[in-house]
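# Analysis of the macromolecular model
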Amino acid sequence: MSKKRPETEDFYRKLMQATNAIGAPHFGEKPEEVKVDIRPDSSIGPGMFKPDPLKPGHYKAHPTTIRAMRKDIFVGGSDEFIDLEKPYTCFKCRQNLDLQFWTFCPFCEAPFPKDLETL
């Protein structure tokens, strides 16, 4: 069994603490894990994804984009979990990003500052 990274555990803990309008837990206790294959394709621009015509429901992306992606992304229902949103503007290329999805800038490969809070 692989051990999850500390920030993955922090995202999961925050997700499980979310409540709905009446104060009840927003999500159930049984998370569902879904694996999505993302095939490397250098013809796709960095930071972008395209549906994979060979595998419906899967995607293609630039190799840098794949390396920059967090390997564990939490989704609530059919949308990304907005409470985990952490807007960030890359200091190098000025692209707007959401830190819940990236480990470094997928556009210019700039690292995120080490003192940057990810939650």
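Here we summarise the structure given alongside this text. All figures in this text were calculated on a predicted structure; none of them were measured in a lab.

Within the chain, the secondary structure is distributed over 2 helices and 7 strands. The linear arrangement of helices and strands in the chain, starting from the amino end, is α-β-β-β-α-β-β-β-β. When each of the 119 residues of the chain is scored for burial, the buried share is 29%. Restricting to contacts in the chain with at least 6 residues of sequence separation, those with at least 24 account for 37%. Carbon and sulfur atoms make up 54% of the accessible area of the chain, which totals about 8,500 Å².

Our focus in this paragraph is the side chain of Thr 64. Mapped onto the fold, Thr 64 is located in helix α2 (residues 63-68). Owing to a relative accessible area of 7%, Thr 64 belongs among the buried residues under this scheme. Filtering out sequence-adjacent residues up to four positions away, Thr 64 remains in contact with Phe 104, Pro 106 and Glu 109.

Pairs may arise between side chains of opposite charge once their charged atoms sit close together. Applying the stated criterion to the full structure yields 4 salt bridges. Between Asp 52 and Arg 39 there is a salt bridge; the shortest N-O distance is 2.9 Å. Here the residue Asp 52 occupies a position in the loop between β2 (49-51) and β3 (59-61), and Arg 39 occupies one in strand β1 (residues 38-40), the gap between them amounting to 13 residues. For Asp 52, a relative accessible area of 4% corresponds to the buried category. What makes Arg 39 partly exposed here is its relative accessible area of 34%.

Here we come to the sheet that holds β2. Spatially, 3 strands are ordered β1-β3-β2 in an open sheet, and the strand pairing comes out mixed. The two strands at the open ends of the sheet, each matched to only one other strand, are β1 and β2. Ignoring which end each strand starts from, the neighbouring axes of this sheet average 35° apart. Two elements, β2 and β3, share 3 bridges in a ladder whose sense is antiparallel. The residue bridging Pro 51 from the neighbouring strand is Tyr 59, located in β3.

Given two aromatic rings, one states the distance between the centres and the angle between the planes to describe the pair. The full count for this structure, using the stated rule, is 2 aromatic pairs. Pairing Phe 49 with Trp 102 gives two aromatic rings, centres 6.3 Å apart and planes at 25°, and the pair type is stacked. Placement of Phe 49 in strand β2 and of Trp 102 in the segment after β7 (96-98) is noted, with a sequence separation of 53 residues between them. Judged by relative accessible area, Phe 49 falls into the partly exposed class, the value being 37%. Relative accessible area serves as the criterion here: at 9%, Trp 102 is assigned to the buried category. Measuring from ring centre to ring centre gives 5.1 Å for Tyr 88 and Phe 112, while their planes differ by 80°; the resulting arrangement is edge-to-face. Taken together, the positions of Tyr 88 in strand β6 (residues 87-89) and Phe 112 in the segment after β7 put the pair 24 residues apart, joining distant regions of the chain.

Rules behind the numbers
Residues numbered from 1 in each chain as written. Predicted model: local features only at pLDDT ≥ 70, side-chain atom pairs only at ≥ 80, totals over all residues. Heavy atoms only, no water. Helix = DSSP H or I, 4+ residues; strand = E, 2+ residues; numbered from the N terminus. Buried < 20%, exposed > 50% of the residue type's maximum accessible area, 1.4 Å probe, protein only. Contact = heavy atoms within 4.5 Å. Areas by Shrake-Rupley, 256 points an atom, 1.4 Å probe, with all protein chains shown as cover. Salt bridge = Lys/Arg side-chain N within 4 Å of Asp/Glu carboxyl O. Pairing = 2+ DSSP bridges. Axes fitted to C-alpha atoms, helices over the stretch in contact; angles between N-to-C directions. Phe/Tyr/Trp six-rings, centres within 6.5 Å; stacked < 30°, edge-to-face > 60°.

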